[in-house]
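Structural features, examined
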Amino acid sequence: MKRDYLGIGLFALALSSQVVSLSLAQDKTPRAVLDSAVYDFGTVKKGAKLSHTISVRNKGDAPLIIEGMRFSVPMLRVGVNRLVAPEKEANIVLELDTAELSGQVLDDIVLHTNDPQASQLSIRLQGLVQSPVEVLPRPAIYLSAFRWETGTKTGVVTVTNNEESPLEILGNRAEGDRFSTALTPMEEGRRYQLTVKLVPAAPAGHASGNITLNTNKGDIQIPVFTFLKDKVYVNPPDVELGVIDLELLKQEPRHLDFRSQS
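What comes next concerns the included structure. (Residues numbered from 1 in each chain as written. Predicted model: local features only at pLDDT ≥ 70, side-chain atom pairs only at ≥ 80, totals over all residues. Heavy atoms only, no water.)

**Points about the environment of Gln130**
Residue position: Gln130 is located in strand β9 (residues 120-130). Residue class for Gln130 comes out partly exposed when judged on its relative accessible area of 24%. Taking the C-alpha atoms as reference points, Gln130 and Ser102, separated by 28 residues in sequence, lie 6.2 Å from one another. When sequence neighbours within four positions are dropped, the list of residues in contact with Gln130 reads Thr43, Val44, Lys45, Lys46 and Asn162. (Helix = DSSP H or I, 4+ residues; strand = E, 2+ residues; numbered from the N terminus. Buried < 20%, exposed > 50% of the residue type's maximum accessible area, 1.4 Å probe, protein only. Contact = heavy atoms within 4.5 Å.)

In C-alpha cells:
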C-alpha cells in the first residue's frame, strides 16, 4: 500500500509539474511596439514615388504574428515579415505611388496581430499630393439656386498652376445647356477664375455637365452639378425603393418600414 501511495504521489507531482509548465507557457505573450505611428510625407508633386520604413518591435516573450492588414489608399504597398521573434524587430515598408492621387491624403494602415494588448496596430498616413494644375477649392462645381436668384448666385473655382512654366488656356468648352461660363485671368500664367451661372430659362430640376479647359499642360475636366428650383419643387425628384422580396414581406411585414423614403 505504501508503494502504491508513493506511486500516486509521484504521478500527482508529475501532473502538477506539467500543469505549471503549461501555465508558464500559456503566460508567455507577444508585445508589439511601433517606433512611430504616423507617416507624414508632407507635400509632394503628383506622380512621386515614396518609400518609408517603420519598425515594429516584439518586447514580449512569445512570437509576434502579423495576421493581416487593411488600408484604402490606392497604389499603396505595405511589406512586413509576418513573424517577429521575442526581443526582435521587423521593418514595415510603405511604398506609395502618387500617380493616381491628388489633394489631401489621409488614411490608417491597420495591422492585425496576436498581441492580446494590441490586436490592432494603426499607422496614420497623411500628406498632400500636388497636381501640376489644381482646381480649387474642389475639382467640381455645385450650384443650386431659385430661378429668381440665377443673376446673383454663382459657382466659382480657381485654376492654379503649381509649376514654374506658365499655364496657357487655349480654349474651353461646356457640355450642358443649363449653365453659362466665364473665365477670368487673375494672374496670367498662374491663376484663372472660372465662374458658372445658371440659365434662368432652363428647365427646373437637377442636371449635370462638364467644362473642359484646353491648356498647354493637357485638358482639365471640371464636372458641373446644378439644381434650378421654382417656388415649388420636389427633392429628390425620384424615389427608388429597390427590389422588394414578397416572400420576405410575408415572413417579416415590418421589413417594409425600412423601405420608406420622404
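So, next bit.
**Digging into the sheet that holds strand β4 (residues 64-70)**
Spatial ordering of the open sheet is given by β2-β9-β8-β4-β6, a layout of five strands whose pairing is mixed. Whereas interior strands pair on both sides, the edge strands pair on one side only; in this sheet they are β2 (38-45) and β6 (83-84). (Pairing = 2+ DSSP bridges.)

**Section: the side chain of Asp115**
Looking at the element boundaries, Asp115 is found in the loop between β8 (103-113) and β9. Despite its burial, Asp115 pairs with no opposite charge, the nearest such side chain being Arg31 at 6.6 Å. At 2.8 Å, the side chain of Asp115 forms a polar contact with the backbone nitrogen of Ala32. Those residues in contact with Asp115 that sit more than four places away from it in its chain are Pro30, Arg31, Ala32 and Leu64. (Lys, Arg positive; Asp, Glu negative; His and termini not counted. Salt bridge = Lys/Arg side-chain N within 4 Å of Asp/Glu carboxyl O. Polar contact = N/O pair within 3.5 Å; in protein donor to acceptor, adjacent residues only side chain to side chain.)

**Observations regarding the packing of aromatic side chains**
One pass over the structure, following the stated rule, counts five aromatic pairs. Taking the centre distance of 4.8 Å and the plane angle of 10° together, the rings of Phe146 and Trp148 count as stacked. Between Phe227 and Tyr233, the aromatic rings sit 5.6 Å apart at their centres with planes inclined by 80°, giving edge-to-face as the arrangement. Residue class for Phe227 comes out buried when judged on its relative accessible area of 10%. (Phe/Tyr/Trp six-rings, centres within 6.5 Å; stacked < 30°, edge-to-face > 60°.)

**Points about the nonpolar core**
Counting residues in each nonpolar core, the largest one holds 28 residues, and the members touching the most others are Phe41, Val56, Ile92, Ile109 and Leu125. Sequence-distant contacts of Ile92, defined by excluding residues within four places in its chain, comprise Leu34, His52, Thr53, Ile54, Val56, Val78, Gly79, Val80, Leu111 and Ile123. Residues Val133, Ile169, Tyr192 and Val196 belong to the second largest nonpolar core, which totals 21 residues. (Core = buried A, V, L, I, M, F, W, Y, C linked by side-chain atoms within 4.5 Å.)

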